Amino acid sequence: LAFAAGTLAGLVVVVAAGLLFKRAKKEREESSREAPPQQKLRGGGSSEEPPAHKTSAFGMQGKRAAMEDAHVVASKGPVTVAGVFDGCGGARAAKLCGARLASEKLRQALLDSRAGDASPAIAAFLASCETAVDAEARRAGWVDATTAVVAVVNGDTLSVGWVGDSRCVVVSGAGARVLTRDHNASNPAEAQRVRAAGGLVGRNEKEAKASKATKLAAKVLSPNIAYRTHPKNPMRVYPGGITLTRALGGRPLKMKSSCPVVADAETATVPVAGATHVILACDGVWDVLDAAGAADVVVGARPDDAAERLARAAFEKGSTDNI
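Residues numbered from 1 in each chain as written. Predicted model: local features only at pLDDT ≥ 70, side-chain atom pairs only at ≥ 80, totals over all residues. Heavy atoms only, no water.

### Remarks on the overall build of the chain
Of regular secondary structure, the chain possesses 11 helices and 16 strands. Considering the chain as a whole, with its 323 residues, one finds that 52% of them fall into the buried category. In the chain, the proportion of contacts linking residues at least 24 apart, taken out of those at least 6 apart, comes to 68%. When the accessible surface of the chain is summed, it comes to about 14,200 Å², and 51% of that surface belongs to carbon and sulfur atoms. (Helix = DSSP H or I, 4+ residues; strand = E, 2+ residues; numbered from the N terminus. Buried < 20%, exposed > 50% of the residue type's maximum accessible area, 1.4 Å probe, protein only. Contact = heavy atoms within 4.5 Å. Areas by Shrake-Rupley, 256 points an atom, 1.4 Å probe, with all protein chains shown as cover.)

Okay, here's the thing in structure tokens:
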């Protein structure tokens, strides 16, 4: 996951609906003390130090009946924090996690990550979100779940933590590289973990519960015939039928003694000197665009519209999800 060191010509980060951070040039910092129009949150405190990154954000409901995603960005001096939360089964878990990241008090540990490696702080934040969502689920009967990808850009260092299949991509002259790995049942390593925990995996419940004889028949014939499902359909976790293997919330999936769906976050910290863009996005983008395709959209875009351009490109490519 390392990137070659080099001169940072500009850093662009695109989040979920899309978020774009661009390293502000020194001359521009001196000529303007105001955050860009899309910069909704500041880090707080008495200092008026301008943010080190320009930011923009854009989200769209797309073809879904409701918008269940949330995204947040905040800056304080050289540190920018961003998060994307892709709701599943409702919007409440995603909105609660977004509200927690938008809370100045709760995100302070992320903004104060001066040592460079913010991954422990991100992991702790995501664990606190799971606790908060679970408490609401117990109180109000929520079934909602959400993915999460949270990034902290501190100077030339990027730390990211994630749960679920929202992704972080870093773009440099060497190309686009995905820093995250999807926590879903189509990921063989995650499918193996789910089975080891007592869960089942399949494109539908019939495949998940198939006998050895039926699985052999599927190899000879096809999933269409053996399981009555299309080979391109995503793998799902049973019981529950959810594609995600890790999520915040989703209490009904976590009430059994053997719990294949977990909220354990993964983290990574990499240098981004020499990188041009960092993209955070939900699967509404990644269902139709790979990392290189997303990079092609945002490279060369203005900081104030790159996020919208990415979301609309995904929509035009046929995304049927929130973006």
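### Brief notes about a nonpolar patch on the surface
On the surface, a cluster of nonpolar side chains totalling about 440 Å² of accessible area is made up of L216, V220, L221 and I225. By the secondary structure assignment, V220 is in helix 7 (residues 212-220). (Patch = residues over 30% accessible without salt bridge, like charges linked within 9 Å, V, L, I, M, F, W, Y side chains within 5 Å. Salt bridge = Lys/Arg side-chain N within 4 Å of Asp/Glu carboxyl O.)

### Examining the pairing of strand 11 (residues 175-178)
Where strand 10 (residues 167-172) lies against strand 11, 4 bridges are found, and the strand directions are antiparallel. The partner of V170 across the bridge, within strand 11, is R177. Here strand 10 folds back onto strand 11 in antiparallel fashion, the turn holding 2 residues. (Pairing = 2+ DSSP bridges.)

### Considerations on the packing of helix 3 (residues 104-111) against helix 4 (residues 119-140)
Viewed as axis vectors pointing N to C, helix 3 and helix 4 meet at an angle of 155°, and their least axial separation amounts to 8 Å. Here helix 3 lies roughly antiparallel to helix 4, going by the angle between them. Side by side, helix 3 and helix 4 meet where L106, A109 and L110 of the first sit next to A121, I122 and F125 of the second. When the residues that make up the contact of helix 3 with helix 4 are grouped by side-chain class, the tally is 6 nonpolar, no polar and no charged. (Axes fitted to C-alpha atoms, helices over the stretch in contact; angles between N-to-C directions. Parallel < 35°, antiparallel > 145°, perpendicular 65-115°, else oblique. Nonpolar A, V, L, I, M, F, W, Y, C, P; charged D, E, K, R; others polar.)

### Some words on the packing of helix 10 (residues 291-298) against helix 11 (residues 306-316)
It is the contact of helix 10 with helix 11, at a shortest axis distance of 9 Å, that shows an interaxial angle of 135°. Between helix 10 and helix 11, the angle falls in the class oblique. As helix 10 packs across helix 11, the resulting crossing turns out to be right-handed. Contacts from A294, V297 and V298 of helix 10 reach helix 11 at A306, R309, L310 and A313. Grouping the amino acids of the contact of helix 10 with helix 11 by side-chain chemistry returns 6 nonpolar, no polar and 1 charged. (Left-handed = near helix turned anticlockwise from the far one by under 90°.)

### Section: the pattern of salt bridges
A complete count under the given rule lists 15 salt bridges for this structure. Between R302 and D305 there is a salt bridge, with the nearest N and O atoms lying 3.3 Å from each other. The closest approach of N and O atoms between R312 and E308, which form a salt bridge, is 2.8 Å. Placement of both R312 and E308 in helix 11 is noted, with a separation of 4 residues, approximately one turn of the helix. In this structure R312 comes out as partly exposed when scored by relative accessible area, which is 36%. What makes E308 partly exposed here is its relative accessible area of 32%. What emerges from the salt-bridge pattern is a single network uniting R181, E190, R193, R246 and E266.

### Digging into helix 10
With 6 of 8 residues buried, helix 10 is to be regarded as a mostly interior element. Along helix 10, the residues classified as buried are A291, G293, A294, A295, V297 and V298. Once helix 10 ends, the next one or two residues include G300, with phi positive near 90°.

### Notes on the nonpolar core
Residues V81, F85, L110, F125, L126 and V150 are the most contacted members of the largest nonpolar core, which totals 24 residues. Within the residue set of this core, elements represented by two or more residues are strand 5 (69-76), strand 6 (79-88), helix 2 (92-102), helix 3, helix 4 and strand 8 (148-154). Looking at which element gives the most residues to this core, the answer is helix 4, with 6 residues. Sequence-distant contacts of F125, that is, excluding residues within four places in its chain, are made with F85, C97, R100, L101, L106, L110 and V150. (Core = buried A, V, L, I, M, F, W, Y, C linked by side-chain atoms within 4.5 Å.)

### Details of a positive patch on the surface
Together, R195, K212, K215 and K219 line one region of the surface with positive charge. It is helix 7 that contributes the most residues to the positive patch, 3 residues altogether. Structurally, the position occupied by K215 is in helix 7. We classify K215 as partly exposed; its relative accessible area is 42%. (Lys, Arg positive; Asp, Glu negative; His and termini not counted. Charge placed at Lys NZ, Arg CZ, Asp CG, Glu CD.)

### Looking at the environment of A99
Relative to the assigned elements, A99 resides in helix 2. Residue A99 is classed as partly exposed on the basis of its relative accessible area, which comes to 44%. Taking the C-alpha atoms as reference, A99 lies 8.3 Å from V72; in sequence the two are 27 residues apart.

### Regarding the state of the cysteines
For the structure on display, the rule yields 0 disulfides. Unpaired in this structure, C97 has its nearest cysteine sulfur neighbour in C129, at a distance of 4.1 Å. (Disulfide = S-S within 2.5 Å.)

### Points about the confidence of the model for the chain
Across the chain, the average pLDDT comes to 84, with 84% of residues at 70 or higher. pLDDT under 50 marks residues 1-9. Its contacts with residues more than four places away, or in other chains, come to 23 contacts. Counting contacts from residues 42-47, a segment whose pLDDT is below 50, to residues more than four positions away or on other chains yields 16 contacts. (pLDDT = per-residue confidence, 0-100.)

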